[in-house]
Amino acid sequence: MSEVVNHHPVHEAHHEELGFLRKYVFSTDHKVIGIQYGLTALVFLLFGFSLIMLLRWQLAYPGKPVIWLGKILGENFMPGGIMLPEFYNMLGAMHGTIMVFLGIVPLAVGAFGNYVMPLQIGAPDMAFPKINAASYWFYFVGGVVMLYSFFVPGGPAQGGWTSYTPLADIAPVGQTWWLVGMVFLITSSLLGSINFIVTIVQMRTKGLSFWRLPVFVWAQFVTAFLLLLAFPPLEAAAVLQLMDRLAGTSFFLPSGLVVSGQMIPNTGGGSPLLWQHLFWFLAHPEVYVLILPGMGIVAEVIANNTRKPLWGYKTIVFSILFIGGMSFTVWAHHMFMTGMGTTMSTFFQTTTMIISIPSVIILTSLLLSLWGASIRFTTPMLFAIAFLPMFAIGGLTGLPLGLTTSDIHLHDTWYVIGHFHYVVAPGTIFALFAGIYYWYPKVTGRMLNSVLGKIHFWLSLVFMNGVFLPMLIQGMAGMNRRYYDPTATPWGKAMQPFMEFISWSAWLLAISQIPFVINFFWSMWKGRKVTSDNPWDATTLEWSAPTPPPHGNFPTPPEVYREPYEYSVPGKEKDFSPQFIKEA
């Protein structure tokens, strides 16, 4: 192991000097592609988050104008500064689409998976570097198509991130662009997932058996299978909906469809429920595509900062595998209200209860890993610890939605929004922040500022809960989530103080991200330089690579001698025994 940062000039001398475009734009190096994914996804996250900040104004102060915004966005979206209902729908639809498909998944899989996974298995690159680059560019083009849809006549898609038919079939042209963008994004995911699977199976370094893989690699491995198997049905569905819109077919248009007193042409024989089945067959495994990489990151950070082996390593891995398999058997619990028979609904509510068990096992194992530990409360560790109760709230609040009787009351209320966001916002996004703070030194050679990091953490923790906890109360009170004007009903008026509180919490949450943005860019040039390739005293293989890792990653192929989390082994001088150091 190299204790001092160096750039291994002998290794780099074997490679031709690349021009700017080949090195930074059209690179096939997994690390550059990981950074491209990361920066692009962070920009999309910021944009998607901004959309919901606008929407929150309408919910907090329905019908009240914002003159300066009206001047910026124009008469088509906010005439006189008052948000139109159609624009409200667009904001909601594009917020969900961008946050899930262009923000969180590309960050969790494209960025962290691309950058960290090959390093953790001791590989010089991905198995198919050119396919890897193609995966990023399909993602990028898909994102550009989604953004372009804001400028087409009628604006972007307004059918929700689920794009339910038949409304989506007859929506303005923005929906067509949404479908084209989704085809690009799904193709990107398929290319990436094949690459991840082959790389992990074929390119592990000497000594790295499957039972020596870090949990993060296992999480990416199972996630890749989910993407590979769950996305094709949605891609097929997107093509079928395109056919309905452009070629006059009626895959999702039932007979006799009348809108505003007018018979819709080319209808008949189609099934709106077919779209829901195809969409949710992807969208429920998609939840685990979001959360499994997050769990993997949290496991790495907790093991390193507790200075203990993970409690129940094999149990965690088996739970991840079980979640991966079971996630394909629960999709229809989103459709209890479609008139599903009792036999089928009983099956899906049973599988939904079963899949919660491995999630509880993983959380319990991570909690037990904290027990008796001498914890280092670093910034990544604070985010990792906070992930545990936040994800637990998200998981537990999902159980009533998986049972037919309680789902009847809670379906389509703000409770659903609160539950889902506890899983992906203070859940997954906190895990991603933990990962950024943890691996930033390996990527840049500099540490993020700890004070700014802790300010970012505490403000985010407070205001995240200020946003999502009241939503659970609103939902249990029966408040529907799709109202443009929440004060249109008596019970909505009664709950309006909650709406204002949530909106102010959301705006303060946005302000809370400023320390992170400053820290992220300031530290690239002014952050404290790391004095070791392994600044966290970690045990996994990525910390044996030079900082930042050069082309090819390792000066010589590394070898693995032990399990991934040998911390505080009795009788040893140091409290960590890296996988890559041979000991007598």
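Provided above is the structure to which this section pertains.
Scope of this entry: the structure provided in the associated data block. (Residues numbered from 1 in each chain as written. Predicted model: local features only at pLDDT ≥ 70, side-chain atom pairs only at ≥ 80, totals over all residues. Heavy atoms only, no water.)

Structural notes on the nonpolar core
Most often, soluble globular proteins have nonpolar side chains that are buried together. Judged by nonpolar contacts, the single largest core of 177 residues is most densely connected at L234, L292, I302, L310, L366 and F387. With 21 residues, helix α5 (residues 85-120) is the largest single contributor of residues to this core. Apart from residues lying up to four places away in sequence, I302 is in contact with L310, L366, S369, L370, M381, A384 and L388. (Core = buried A, V, L, I, M, F, W, Y, C linked by side-chain atoms within 4.5 Å. Buried < 20%, exposed > 50% of the residue type's maximum accessible area, 1.4 Å probe, protein only. Helix = DSSP H or I, 4+ residues; strand = E, 2+ residues; numbered from the N terminus. Contact = heavy atoms within 4.5 Å.)

Remarks on the packing of aromatic side chains
Taken as a whole and judged by the stated rule, the model has 55 aromatic pairs. Seen in terms of ring centroids, F26 and W137 are 5.1 Å apart; in terms of plane orientation they differ by 35°. Their pairing is tilted. With a gap of 111 residues between them, F26 in the loop between α2 (20-25) and α3 (30-60) and W137 in helix α6 (residues 129-148) connect regions that are remote in the sequence. Ring geometry for F347 and F348: centres 5.1 Å apart, planes at 80°, overall edge-to-face. By relative accessible area, which is 4% here, F348 ends up buried. Over the aromatic face of F210 sits the side chain of R204, whose NZ or CZ is 4.0 Å from the ring centroid. Its guanidinium or amino end placed over the ring of W211, K314 lies 5.1 Å from that ring's centre, counting from NZ or CZ. (Phe/Tyr/Trp six-rings, centres within 6.5 Å; stacked < 30°, edge-to-face > 60°. Lys NZ or Arg CZ within 6 Å of the ring centre and 35° of its normal.)

Let's talk about the side chain of S193
Looking at the element boundaries, S193 is found in helix α7 (residues 174-202). In terms of polar contacts, S193 uses its side chain to reach the backbone carbonyl oxygen of L190, at 2.9 Å. Setting aside anything within four residues of it in sequence, one finds S193 in contact with A224, L227 and L228. (Polar contact = N/O pair within 3.5 Å; in protein donor to acceptor, adjacent residues only side chain to side chain.)

A word on a nonpolar patch on the surface
A cluster of nonpolar side chains, contributed by L508, I511, I514, I518 and W522, occupies part of the molecular surface with about 470 Å² of accessible area. Elements with a minimum of two residues in the nonpolar patch: α17 (496-512) and α18 (514-526). It is α18 that contributes the most residues to the nonpolar patch, 3 residues altogether. (Patch = residues over 30% accessible without salt bridge, like charges linked within 9 Å, V, L, I, M, F, W, Y side chains within 5 Å. Areas by Shrake-Rupley, 256 points an atom, 1.4 Å probe, with all protein chains shown as cover. Salt bridge = Lys/Arg side-chain N within 4 Å of Asp/Glu carboxyl O.)

Remarks on the layout of surface pockets
Quantified by volume, the second largest pocket comes out at close to 1,200 Å³. As for the second largest pocket, its lining consists of 37 residues, of which D29, K31, V32, I35 and P549 are closest to the centre. Secondary structure elements with two or more residues in the lining of the second largest pocket: α2, α3, α5, α14 (414-444) and α18. Here the lining of the second largest pocket takes 7 residues from α3, the largest share from any one element. (1 Å grid on protein atoms, 1.4 Å probe; cavity = no way out; pocket = protein on both sides within 12 Å on 5 of 7 lines; lining within 4 Å. Points joined across faces, edges and corners; volume = space filled by probe spheres on them.)

It is worth stressing that arrangement in space is one thing and function is another; only the former is reported here.
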